[in-house]
Amino acid sequence: MNTFPTNFLWGGATAANQCEGAYLEGGRGLSNVDLIPSGENRYPVACGEVDPKTLHGERFPSRKAIDAYHHYQEDIALFAEMGFRVYRFSICWSRIFPNGNEAEPNEAGLQFYESVIDECRKYNIEPLVTISHFDVPVHLIETYGSWRNRKMVDFYLNLCRTLFTRFRGKVKYWITFNEINMILHMPYMAAGLTFLPGENKQDVCYTAAHHELIASALAVKLAHEIDPNNMVGCMLAAGNAYPHTCNPIDVMESIRMDRENYFFVDVQSRGYYPAYARKQMEREGIHIPFVDGDEKILRQGTVDYISFSYYNSMVASRDPEIQGTAKGNIFASIENPYLESSEWGWQIDPLGLRITLNSLYDRYQKPLFIVENGLGARDTLCDGTVHDTYRIAYLREHIKAMKDAIVIDGVDLLGYTTWGCIDLISASTGEMRKRYGFIYVDADENCEGSLQRLRKQSFYWYQNVIRTNGAQLDLE
Ligand code: BGP
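Numbering of residues starts from 1 in each chain and follows the order in which that chain's sequence is written. At least 70 in pLDDT is required for a residue's local features to be given in this predicted model, at least 80 for side-chain atom pairs to be given and counted, and no such filter applies to totals for whole chains, interfaces and linings, which use all residues. In computing side-chain properties, one takes all heavy atoms of the structure into account and sets aside hydrogens as well as water.

1. A word on unusual backbone geometry
Put simply, the rule reads: With a 1.4 Å probe rolled over the protein chains alone, any residue whose accessible area is under 20% of its type maximum counts as buried; one over 50% counts as exposed, and the rest are partly exposed.
Here S146, not a glycine, exhibits a phi torsion of approximately 55°, which is positive. By relative accessible area, which is 0% here, S146 ends up buried. Although it is not a glycine, N469 adopts a positive phi angle of roughly 50°.

Next up, the structure:
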């Protein structure tokens, strides 16, 4: 085989909090992401450093977003026109359980997602459902302190049970937590965590991570019990760290940085805490609240596949003088002189995708799924379309790299969903102008506008990529 497998899942990805809007409709409860403003306070709130309730006069564009809640039929029809074989979207927890801890689900929320799934199935598009993509009901944050509390495991499993039962036979591919490692970098956005003065943040984050890891393992088990056909994956914000020089100190630092991310997948895929993590926690006084039976839960709940997002690689060095010279997907890094950068300073590294695919496959020997990749760029509308040749170039080079990983290296890759297949709100900045889509949405920074959907040049390009199963990657 010197091309993509015939059943390769081409498609695109979105997340509820960045596209749905309608934040008070259908009985939906408030979610952490509704309280994260755009602008200069976004980052401090997302990191749990500033309590969003103390702020005034902020803007919250994601509450309206691109109003996918009312446009999903039109959007999925456009995905079908491109030939999508898979559509990744996420569930807003507080649509199903407005407070997060009710005994019975909110039927209106379930019906909404059922309609989305049915609409996908109508076009033979496989739904790929992220159960939690940066999403925690505010009530659970205020009442229980979110994932720092073990009770969250039960609430999350209740959500999982509801989804697995209701959508049995309609959804096969699930992801338990989006970018689970983001809990260390944006604890409020990723997991609803806030901190008390003087608290050991690392301790709280790893405790919360343990609860998510337990919840994820139990969800895998439950999914298989409810339907043995279910395939459940973990999800990592990936991208390898390259040593800045061949100085062994830098090489060791790159191993340390990679392990910070691998830790999560090591547990989710192998089923136990790796030795390096135990040692690090011991050294740093991080106490993980293991309870009886946790080891068994982790062992029995290993994932079926490993999904990840890839935007950039990183550079590792112990030299304090050169830290933070490059931006990346949340992780600040060191500028790599061999690479170009996007308008937002994320370094573009297609070969890094092949390197990441190989590292993950060598390490876990499980099927992989690229569930996010793409270029956030400013687009200019011209005669009802966008000539986004820059986006096409970015995606083409990344697709070539993943083809090499399959064809030359033998990596088992299930599919590829580009991030933000339709323009949506940026997670890191809250901007609308940072666009990733094949489909342009007429909306300004406050999400005001006609919300009309327009096909970009990349729309037709990706349509042809899918039609030829990746054989034709150049512009016609
Ligand atoms: C990932 C998130 C997505 C998405 C993407 C692009 O971290 O899983 O939600 O937003 O990054 O990042 P941004 O929107 O900040 O450009």
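So much for the structure itself; the text now carries on.
2. Section: a nonpolar patch on the surface
The condition is simple: Each patch groups residues whose relative accessible area exceeds 30% and which form no salt bridge, using 9 Å between like charges and 5 Å between nonpolar side chains of Val, Leu, Ile, Met, Phe, Trp and Tyr. For the area figures, the Shrake-Rupley method with a 1.4 Å probe applies, and any residue is considered shielded solely by the protein chains shown. Only one rule defines a salt bridge in this text: a Lys or Arg side-chain nitrogen within 4 Å of an Asp or Glu carboxyl oxygen. Each helix corresponds to a stretch of at least 4 residues labelled H or I by DSSP, and each strand to a stretch of at least 2 residues labelled E; elements are numbered beginning at the N terminus.
On the surface, V251, M252 and I255 cluster together into a nonpolar patch covering about 230 Å² of accessible area. As for its placement among the helices and strands, I255 is situated in helix α10 (residues 248–270). Under the relative-accessibility criterion, I255 is labelled partly exposed at 35%.

3. Some remarks on the pairing of strand β2 (residues 86–90)
What counts here: Only strands that DSSP links by at least two bridges are regarded as paired with each other.
Burial of β2 is extensive: five of the five residues sit out of reach of the surface. Of the two faces of β2, the one carrying V86, R88 and S90 and the one carrying Y87 and F89 are both buried. Examined bridge by bridge, strand β1 (residues 9–13) and β2 share three bridges and lie parallel to one another. Residue G11 lies in a different strand from β2, and its bridge partner there is V86. The sheet contact formed by β2 and strand β3 (residues 126–132) spans five bridges and is parallel. Residue pairing across strands places F89 opposite V129, the latter belonging to β3.

Geometric values such as these leave the question of function open.
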